[in-house]
Amino acid sequence: MATYDYDLFVIGAGSGGVRASRMASQFGAKVAVAEDQFLGGTCVNVGCVPKKLFSYASHFSEEFRHSNGFGWSNINKPEFDWCTLVANKDTEISRLNGIYDNLLGNAGVTLLDGRARLVDSHTVAINNKQVTADKILLATGGWPYIPEFPGKEHVISSNEIFYLKEFPKRLLVVGGGYIAVEFAGIFAGLGADITLSYRGPLFLRNFDDDIRNVLATEMAKKGINLAFNTNVTSVVKQQDGSFQAFFDTGENASFDSILYATGRKPNTTDLGLENVDIKTNPSGTIVVDQYHKTSVDSIYALGDLIEGPELTPVALREGTALANTLFNNTPQTVDYSNIPTAVFSHPNIGTVGLTEEEARKQFASIEIYKSTFRHLKHTLSGSAEKTFMKLIVNKDNDIVLGVHMIGADAGEIIQGLAVALKAGATKSTFDSTIGIHPTAAEEFVTMREPASS
């Protein structure tokens, strides 16, 4: 029987890799994890954590305006300092990096600083050395993708947006996914003049159509210029340091910065996949079975490297399942149904379950419940923002198939409803649940008349 340096070698110290390595070590395995960038991966460093902090910051501008209707005065000229926000964000991220370092150390995991590459099915090269492992886990996550076009070198991705030295007063955001709409809302709230350019007719493809339309209306209310069916053809840097973007509509405009949020690709560059026979999908994601095993028996993959929701909690669950499967004699798979998600757009989106379009394809008879209303807060704030909620119900058995919301605290509200959907809640269950008054969330248990079927 072969003897290896480690029972498990993990390449990538993001959410999934750290969770798998910690748990495997606690189950008695000898584990090492290699990371060449930053502990905590995308989420902690250039993803959900700093983005949510920026989102909090941007909401203050609305809060200042809204407070007038509640009797507050002399708050009409607040000053925002970009450098303070970035510095304080950096301090918090450094603190989290240290926590991840301690978590691994306290769990007995060996942390190696460097880019690890596959040599063969049981060997990894790192820092001019080779180590062997019985099992190898690939957990290097995703990386921003920017298409090729003239002037590509002048644009930035979601990695760099968190570290800009100066605040971009005029920002072009290119893309139609959740990252694009989030940053458009964030920087608009911070005071920037925002244009969001998307090549399609409406952003957030694969989200419920009502949610997509409501968000477009609300973002336009906030002064964001939505340029749908528009694509950037080239970017030119001007003498004053600004950037001129040319569009396929024949128009052009100048910006202080141009953010491309045009998707993410699996981070497999320089990973050594060519040295092993690992199958990949046309998209570049790694093919795995239900236990996250690749086409090579000793090598596994999870998180944004594989097909599926690119969400931190999903990677965490996959890491837990993998550690239990390999080192706790408890084979586990991940249930990918009814995964809740939030988009920290302005206003927020929260969603779980099927969209109306998906439900109509899968079920013979459904009922749709909708509610659009002005949040109680805005009866005094003067804001024209509307809250929208939607329930999708299987008419044959009364089971709630989908819950969708756009409005303040949508993510916080949907988390609890995701538990209900996971438990198989029916519309009758919602109807018999007493609401909390006065809250926006109570609307989900007071919708009685279907809007359509």
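As the structure is a computational prediction, the values presented were derived from the model and not from experiment.

**Q** Looking at this structure, I do not really get the overall build of the protein. What am I missing?
**A** Secondary structure assignment for the protein yields 11 helices and 21 strands. Expected size for 453 residues packed as a compact globule is a radius of gyration near 22 Å; at 24 Å, the protein falls within 12% of this value. For the protein, the C-alpha atoms occupy an extent of roughly 70 × 65 × 40 Å along the three principal directions. Relative to its 453 residues, the protein shows a buried fraction of 49%. Sequence-distant contacts in the protein: of pairs separated by 6 or more residues, those separated by 24 or more amount to 64%. As presented, the protein carries roughly 21,300 Å² of accessible surface, and 50% of it is formed by carbon and sulfur atoms. With 39 positive and 51 negative side-chain charges, the protein shows a spacing of 2 Å between the two charge centroids.

**Q** I would appreciate a short explanation of the environment of F228 in the present structure.
**A** Along the chain, F228 falls in the loop between β10 (225–227) and β11 (232–237). Through-space distance from the C-alpha of F228 to that of F162 is 25 Å; in sequence the pair is 66 residues apart. In this structure F228 touches Y198, G200, P201, L202 and F203, once residues within four positions along its chain are discounted.

**Q** Honestly, the nonpolar core in this entry has me stumped. Any pointers?
**A** Nonpolar side chains tend toward joint burial in soluble globular proteins. Ranked by internal contacts, the top residues of the largest apolar core, which has 41 residues, are F187, L196, F203 and M219. For this core, the secondary-structure elements that each account for two or more residues are α3 (48–66), α4 (82–106), β8 (170–174), α5 (178–189), β9 (193–197) and α6 (209–221). The element contributing the most residues to this core is α5, with 7 residues. Excluding its chain neighbours within four sequence positions, the residues that come into contact with F187 are W82, I161, F167, P168, L171, A192 and I194. Counting 25 residues, the second largest nonpolar core, distinct from the first, contains A20, I93, Y100 and V109.

**Q** Honestly, the packing of α3 against α5 in this entry has me stumped. Any pointers?
**A** Between two packed helices, what matters for the description is the angle formed by their axes and the separation of those axes. Where α3 meets α5, the closest approach of the two axes is 7 Å, and the angle between their N-to-C directions is 40°. Comparing the axis directions of α3 and α5 gives the class oblique. Crossing geometry of α3 relative to α5 is assigned as left-handed. Touching K51, F54, S55, S58 and S61 of α3 are Y178, E182, F183, G185, I186 and G189, all from α5.

**Q** It is not clear to me how the pairing of strand β13 (residues 252–255) should be interpreted in this structure. Could you clarify?
**A** Residues in a regular strand project their side chains so that they alternate between the two faces of the sheet. Judged from the 4 bridges that link them, strand β12 (residues 243–247) and β13 form a sheet pairing that is antiparallel. Pairing of A245 across the sheet is with A253, part of β13. Counting the residues between successive antiparallel strands, the hairpin from β12 to β13 contains 4 residues, one of them, G250, with a positive phi of roughly 95°.

**Q** What am I meant to see in the packing of aromatic side chains here?
**A** Aromatic rings in a pair are described by how distant their centres are and how their planes are angled relative to each other. Enumeration according to the criterion identifies 12 aromatic pairs in this entry. When the centroid spacing of 5.3 Å and the interplanar angle of 55° are considered together, the rings of F54 and F162 count as tilted. Here F54 is found in helix α3, whereas its partner F162 is found in the loop between β7 (142–144) and β8, with 108 residues between them in sequence. F162 shares its class with F54; the two are buried. Through a chain of ring-to-ring contacts, the aromatic side chains of F54, F80, W82, F162, F167, F183 and F187 assemble into a single cluster. Directly above the aromatic system of Y163 lies the positively charged group of K89, at a separation of 3.8 Å from the ring centroid. Sitting above the plane of the Y369 ring, K427 keeps its charged end 4.3 Å from the centroid.

**Q** Got a minute to help me understand α4 in this structure?
**A** An α-helix turns once every 3.6 residues. As a result, residues three or four positions apart point the same way. An ideal rise of 1.5 Å per residue puts 36 Å on 25 residues; α4 measures up with 36 Å between its terminal C-alpha atoms. Among the structural elements, α1 (15–26), β2 (31–35), α2 (41–46), α3, β3 (110–113) and α5 are those in contact with the buried residues of α4.

**Q** Where do I start with the pattern of salt bridges in this structure?
**A** Opposite charge on two side chains permits them to pair, given that their charged atoms come into close proximity. Throughout the structure, instances matching the rule amount to 20 salt bridges. The shortest N-O distance in the salt bridge between D36 and R115 comes to 4.0 Å. A residue pair is termed long-range when its members are at least 10 positions apart, and D36 in the loop between β2 and α2 and R115 in the loop between β3 and β4 (117–120) qualify at 79 residues. Residue D335 pairs with K422 through a salt bridge whose shortest N-O separation is 3.0 Å. With D335 in the loop between α7 (312–327) and β17 (341–343) and K422 in helix α10 (residues 410–422), this pair connects stretches of sequence that are 87 residues apart. Exposure remark for K422: the relative accessible area of 44% places this residue in the partly exposed category. Within the structure, one salt-bridge network assembled from shared partners comprises D208, D210, E356, R360, K370 and K390.

**Q** Where do I start with the side chain of S58 in this structure?
**A** Summarising the element assignment, S58 is placed in helix α3. Here H346 takes part through its side chain, which lies 3.2 Å from a polar atom of the side chain of S58. Aside from chain neighbours lying at most four places away, what touches S58 is G185, I186, G189, L190 and H346.

**Q** Is there a simple way to think about the packing of α3 against α4 in this case?
**A** With their axes 10 Å apart at the nearest point, α3 and α4 run at an angle of 145° to one another. Pair α3 / α4 crosses with right-handed handedness. In this structure, α3 contributes V49, P50, L53, F54 and A57 to the contact, and α4 contributes W82, L85, V86, K89, E92, I93 and L96. When the residues that make up the contact of α3 with α4 are grouped by side-chain class, the tally is 10 nonpolar, no polar and 2 charged.

**Q** Would you mind showing me how to read α5 here?
**A** Taking 1.5 Å of rise per residue, the 12 residues of α5 would be expected to cover 16 Å, and the 17 Å separating its terminal C-alpha atoms lies within 8% of that figure. Where burial is concerned, most of α5 is hidden: 10 out of the 12 residues are buried. Inspection of α5 places I179, A180, V181, E182, F183, A184, G185, I186, F187 and G189 among the buried residues, and these make up the whole buried set. Downstream of α5 by a residue or two, G191 has a phi angle that is positive, lying close to 115°.

Thresholds applied
Residues numbered from 1 in each chain as written. Predicted model: local features only at pLDDT ≥ 70, side-chain atom pairs only at ≥ 80, totals over all residues. Heavy atoms only, no water. Helix = DSSP H or I, 4+ residues; strand = E, 2+ residues; numbered from the N terminus. Rg over C-alpha atoms; globule rule 2.2 N^0.38 Å. Buried < 20%, exposed > 50% of the residue type's maximum accessible area, 1.4 Å probe, protein only. Contact = heavy atoms within 4.5 Å. Areas by Shrake-Rupley, 256 points an atom, 1.4 Å probe, with all protein chains shown as cover. Lys, Arg positive; Asp, Glu negative; His and termini not counted. Charge placed at Lys NZ, Arg CZ, Asp CG, Glu CD. Core = buried A, V, L, I, M, F, W, Y, C linked by side-chain atoms within 4.5 Å. Axes fitted to C-alpha atoms, helices over the stretch in contact; angles between N-to-C directions. Parallel < 35°, antiparallel > 145°, perpendicular 65-115°, else oblique. Left-handed = near helix turned anticlockwise from the far one by under 90°. Pairing = 2+ DSSP bridges. Phe/Tyr/Trp six-rings, centres within 6.5 Å; stacked < 30°, edge-to-face > 60°. Lys NZ or Arg CZ within 6 Å of the ring centre and 35° of its normal. Expected span 1.5 Å × (residues − 1). Salt bridge = Lys/Arg side-chain N within 4 Å of Asp/Glu carboxyl O. Polar contact = N/O pair within 3.5 Å; in protein donor to acceptor, adjacent residues only side chain to side chain. Nonpolar A, V, L, I, M, F, W, Y, C, P; charged D, E, K, R; others polar.

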